Amino acid sequence: MQNSTGPRVRFAPSPTGFLHVGGARTALYNLLFARREKGTYILRIEDTDVERSKHELSDQILSALDWLGLEHDEGPYRQSARYDLYRAAADRLISEGKAYRAFETPEELDAERKKAEAQGRSYRYSGAGREISPDESDRRARAGEKFVVRLRMPAETIVVDDLVRGRVEFPADALDDFVLVRSDGHPLYHFCVCVDDADMRITHVLRGDDHLANTPKHVALFRALGAPVPAFAHLGMILGTDRKKLSKRYGAAAVEEWRDRGIFPEALVNFLALLGWSPGEDREILSREEMEREFSLERIGASPSVFDPEKLLWMNAQYMARMPAEELLERAKPHAPAGVPEKDAALAAIELHRTRARTAIEMGRALSMYAQDPEEYDPEGMKKNVRPETAAELERLIAKLENVSSWTAPELDAALRELAAEMKISASRLIHPTRLALTGVTVGAPLFDVVALLGKETALRRLRKFVERIRGDK
RNA sequence: GGCCCCAUCGUCUAGUGGUUAGGACACGGCUCUUUCAAGGCCGCGGCACGGGUUCGAGUCCCGUUGGGGCCA
């Protein structure tokens with residue numbers, strides 16, 4: 001897959017403890033781009049923020065990516081293991097005069113900021129550190145004076161030719177000499193990103209729109225580093241139904257959450273692929289192979305998109321409808337609360353319920369229905385379908401069913417209708433209470449298929465239990 | 001607040017100067033039917049607004065409004 005001459009792209013999540021669906025989409029697009037262009041997709045963990053970079057937090061992201069099937073070609077690299085690289089780069093930048101030490105204390109900076117605010121102008125760093133001579137700078141550093149390292153920003157407009165947004169200009173005076181390394185020696189985010197991208201020879205940066213405003217900083221940094229500036233493609237944000245950035249608290253923002261709700265990874269991938277990218281021709285259900293073959297940056301939209309859970313559910317149902325029964329069974333099994341029936345019955349149950357379930361959870365529940373007698377009955381259904389004479393009617397049904405010649409749906413169907421005719425009542429007066437007795441609910445697969453699948457013994461047992469129960473209720 | 005981005009049905013989107021503005025989700029109806037789905041058919045519904053450019057703008061330019069992001 002990888003190729004030494006193709007483009008090199010990366011997905012660089014920070015280890016927040018869960019994989020955001022927006023991040024998953026970014027990872028996917030990077031991967032698709034790499035596959036399409038015969039390039040290399042690299043995974044890098046941006047764990048410079050020591051405090052929240054526990055290993056488990058990144059492990060969870062790794063396993064979520066793995067679950068989605070987004071396999072990387074290189075990495076994962078961890079920034080926390082690359083501090084020497086950042087220090088060396090900072091030293092080099094200082095010695096080349098591309099960056100400088102600034103000795104202001106936080107208090108001094110704060111005062112300047114307050115002053116600027118009071119005067120109603122926006123705060124920018126004074127640039128005082130620029131004026132300090134290299135000799136003095138070295139001397140003060142050696143003397144143990146505290147300093148941060150700042151990048152000397154060029155006094156020129158920075159132009160970004162974004163692959164999805166086109167030409168974006170950032171006037172020079174909008175940016176000040178930002179901090180690369182903190183006074184405690186800790187390298188900061190933007191600096192690490194660029195050092196890494198340069199070091200890893202990243203050619204294309206596909207990332208969220210939220211980084212567009214940071215891009216001029218990065219461009220300046222790449223130039224200072226003497227590294228080629230990669231091409232950029234900024235993706236629109238993924239929003240919640242409230243049109244705000246999809247957040248964890250809003251719910252449904254984490255890939256893991258959808259996994260736990262019984263969504264299949266290929267459905268989530270398909271859904272995410274279409275959030276901001278379109279293959280054209282009104283196609284919606286696409287395999288990974290198709291995406292890898294057809295993905296292109298030109299077909300990425302610039303506008304943000306709302307994450308619609310309803311459509312995800314629909315898409316999941318589409319995958320469910322197409323999945324081989326054996327596979328669906330294996331994948332729904334873990335979600336069956338009370339286990340599944342023996343294989344042939346389970347497979348038959350899958351076919352009976354695949355158009356009725358939208359998630360693996362729902363399918364799991366349906367399967368368990370055949371493995372365990374209902375423990376309770378839908379109260380609404382009881383009210384609606386149970387009348388004073390129901391118990392007696394069901395007893396006649398039980399007697400009738402005990403004598404059917406073969407326990408198949410058509411036979412059972414015929415038997416019940418015959419009985420209804422004998423009793424001069426409508427078949428549905430028998431059908432609805434029977435469904436409730438067998439499944440505990442009023443909705444589901446065609447009744448006679450369910451009865452046939454349950455088997456004589458189980459069906460009659462459930463019917464008797466139910467009769468007992470409604471007699472007791474009176 | 002400064003800078004930047006975005007703008008086609010409620011939502012995801014197709015559309016790259018000439019279209020009855022197409023598809024999908026959701027919604028409503030019909031059909032199928034013992035129920036619920038799925039499926040099929042039909043329907044509802046959109047180019048944010050105002051100026052330009054042009055013979056002709058959803059499509060190009062400017063502004064307004066609205067939404068979002070970054071910095072502080």
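Keep in mind that this is a model prediction, so the values were computed, not measured. Residue positions are given per chain, counted from 1 along the sequence in the order it is written. Naming scheme: in the order in which they are written, chains are lettered from A and ligands are numbered from 1. The model is predicted, so local features are restricted to residues of pLDDT at least 70 and side-chain atom pairs to those at 80 or more, both for listing and for counting; the totals for chains, interfaces and linings are taken over all residues. The side-chain numbers reported here are obtained from all heavy atoms of the structure, hydrogens and water having been left aside.

### Here we look at the pattern of salt bridges
And step 1. The term salt bridge refers to a pairing of a side-chain nitrogen on Lys or Arg with a carboxyl oxygen on Asp or Glu at a separation within 4 Å. This model, assessed by the stated rule, comprises 45 salt bridges.
And step 2. The salt bridge partner of Arg130 is Asp177, with a shortest N-O separation of 2.6 Å. Residue Arg130 is located in the loop between α4 (106-118) and α5 (134-142), and its partner Asp177 is located in the loop between β7 (166-170) and β8 (179-181); the two are separated by 47 residues in the primary sequence.
And step 3. Here Arg417 ties to Asp413 by a salt bridge, and the two come within 2.5 Å at their closest N and O atoms. In this pair, Arg417 and Asp413 both sit in helix α17 (residues 409-423), four residues apart, roughly one turn of the helix.
And step 4. One salt-bridge network, held together by shared partners, links Arg10, Arg44, Glu46, Arg82, Asp196, Asp197 and Asp199. Secondary structure elements are defined from DSSP: runs of H or I of at least 4 residues count as helices, runs of E of at least 2 residues count as strands, and each element is numbered from the N terminus.

### So, the sheet that holds strand β3 (residues 74-78)
And step 1. The strand order across the open sheet formed by three strands is β1-β2-β3, and the pairing between neighbours is parallel. Across the chains shown, the open sheet's two edge strands, defined by having one partner strand only, are β1 (8-11) and β3. For this sheet the average axis-to-axis angle between neighbouring strands, irrespective of direction, equals 25°.
And step 2. At least two DSSP bridges between two strands are required for those strands to pair. The pairing of strand β2 (residues 40-45) with β3 spans three bridges and is parallel. Considered in β3, the bridge of Ile45 is made with Arg78.
And step 3. Whether two residues are in contact is decided by their heavy atoms, any of which lying within 4.5 Å being enough. The convention used is that axes are lines fitted to C-alpha atoms, helices contributing only their stretch in contact, and that angles between N-to-C directions extend from 0 to 180 degrees. Sheet contacts for helix α1 (residues 21-36): β1 and β2; angle to β1, the most-contacted strand, approximately 165°.

### Here we look at the side chain of Glu74
And step 1. Within the secondary structure, Glu74 sits in strand β3.
And step 2. What qualifies as a polar contact is a pair of N or O atoms within 3.5 Å, subject to a donor-acceptor requirement within protein and to the restriction that residues adjacent in sequence count only when both atoms come from side chains. Here the side chain of Glu74 touches Arg8 through a polar contact of 3.1 Å, side chain to side chain.
And step 3. At 2.8 Å, the side chain of Glu74 and the side chain of Tyr77 are in polar contact.

### Here we look at the packing of aromatic side chains
And step 1. Stacked, tilted and edge-to-face are the three classes applied to pairs of Phe, Tyr and Trp rings, where Trp contributes its six-membered ring and a pair requires centres within 6.5 Å; stacked means planes under 30 degrees apart, edge-to-face means over 60, and tilted covers the rest. Taken as a whole, this structure holds seven aromatic pairs when the rule is applied.
And step 2. Consider the rings of Trp277 and Phe295, whose centres lie 5.4 Å apart with planes at 40°: the pair is tilted. Placement of Trp277 in the loop between α9 (265-273) and α10 (288-294) and of Phe295 in the loop between α10 and β12 (305-306) is noted, with a sequence separation of 18 residues between them. The burial state of Trp277 is the same as that of Phe295; both residues are buried.
And step 3. By way of ring pairs, the aromatic residues Tyr29, Trp277 and Phe295 are connected into one cluster.
And step 4. To sit over a ring, a charge needs its Lys NZ or Arg CZ within 6 Å of the ring centre and within 35 degrees of the ring normal. In this arrangement the basic side chain of Arg25 is found over the ring face of Tyr29, its NZ or CZ atom lying 5.6 Å from the centre.
And step 5. Lying across the ring of Trp258, Arg261 places its NZ or CZ 4.4 Å from the centre. A simple rule labels every residue: compare its accessible area, found with a 1.4 Å probe on the protein chains alone, to the largest value its type can have, and call it buried under 20%, exposed over 50%, or partly exposed in between.

### Considering the protein's contact with RNA strand B
And step 1. Any residue with a heavy atom positioned within 4 Å of a molecule or strand is treated as near that molecule or strand. Near RNA strand B lie 44 residues; those nearest to it are Arg113, Arg165, Glu284, Thr355 and Arg356.
And step 2. Each atom of RNA strand B within 4 Å of the protein was classed as base or backbone; sugar and phosphate made up 76%.
And step 3. One of the side-chain N or O atoms of Asn214 is found 3.3 Å from a sugar or linking oxygen in RNA strand B.
And step 4. One of the backbone N or O atoms of Leu447 is found 3.1 Å from a base oxygen in RNA strand B.
And step 5. Among the elements of the structure, β7, β12, α11 (309-322), α18 (428-439) and α19 (447-454) are those that each provide at least two residues to the surface near RNA strand B.
And step 6. Basically, the charged four are Asp, Glu, Lys and Arg, the nonpolar ten are Ala, Val, Leu, Ile, Met, Phe, Trp, Tyr, Cys and Pro, and anything else, Gly included, counts as polar. Classifying every residue of the surface near RNA strand B gives 17 nonpolar, 10 polar and 17 charged.

### Concerning the nonpolar core
And step 1. Grouping buried Ala, Val, Leu, Ile, Met, Phe, Trp, Tyr and Cys residues that are joined through side-chain atoms within 4.5 Å yields what is termed a nonpolar core. Of all hydrophobic cores here, the largest spans 103 residues; its most connected members are Leu19, Leu272, Phe307 and Leu401.
And step 2. In contact with Leu401, not counting residues within four places along its chain, are Trp407, Leu412, Ala415, Lys456, Leu460 and Leu463.
And step 3. In this structure, Tyr83, Val205, Phe222 and Ala224 belong to the second largest nonpolar core, which totals 35 residues.

### Overview of the pairing of β1
And step 1. Alternating positions in β1 separate into two faces, Arg8 and Arg10 on one and Val9 and Phe11 on the other, with burial throughout.
And step 2. Looking down the strands as they point away from you, a crossover is right-handed if its path from the first strand over the helix to the second goes clockwise. Handedness of the crossover joining β1 and β2 through α1 is recorded here as right-handed.

### As for the state of the cysteines
And step 1. The disulfide definition used here is simple: a pair of cysteine sulfur atoms within 2.5 Å. Summed over all chains, the structure comprises zero disulfides.
And step 2. Free of any disulfide, Cys192 has its nearest cysteine sulfur in Cys194, 9.5 Å distant.

### A few points about the environment of Gly166
And step 1. Along the polypeptide, Gly166 turns up in strand β7.
And step 2. You can call Gly166 partly exposed: its relative accessible area is 28%.
And step 3. Counting along the chain gives 214 residues from Gly166 to Glu380, while the straight-line C-alpha distance between them is 59 Å.
And step 4. Those residues in contact with Gly166, other than ones at most four positions away along the chain, are Val160 and Asp161.

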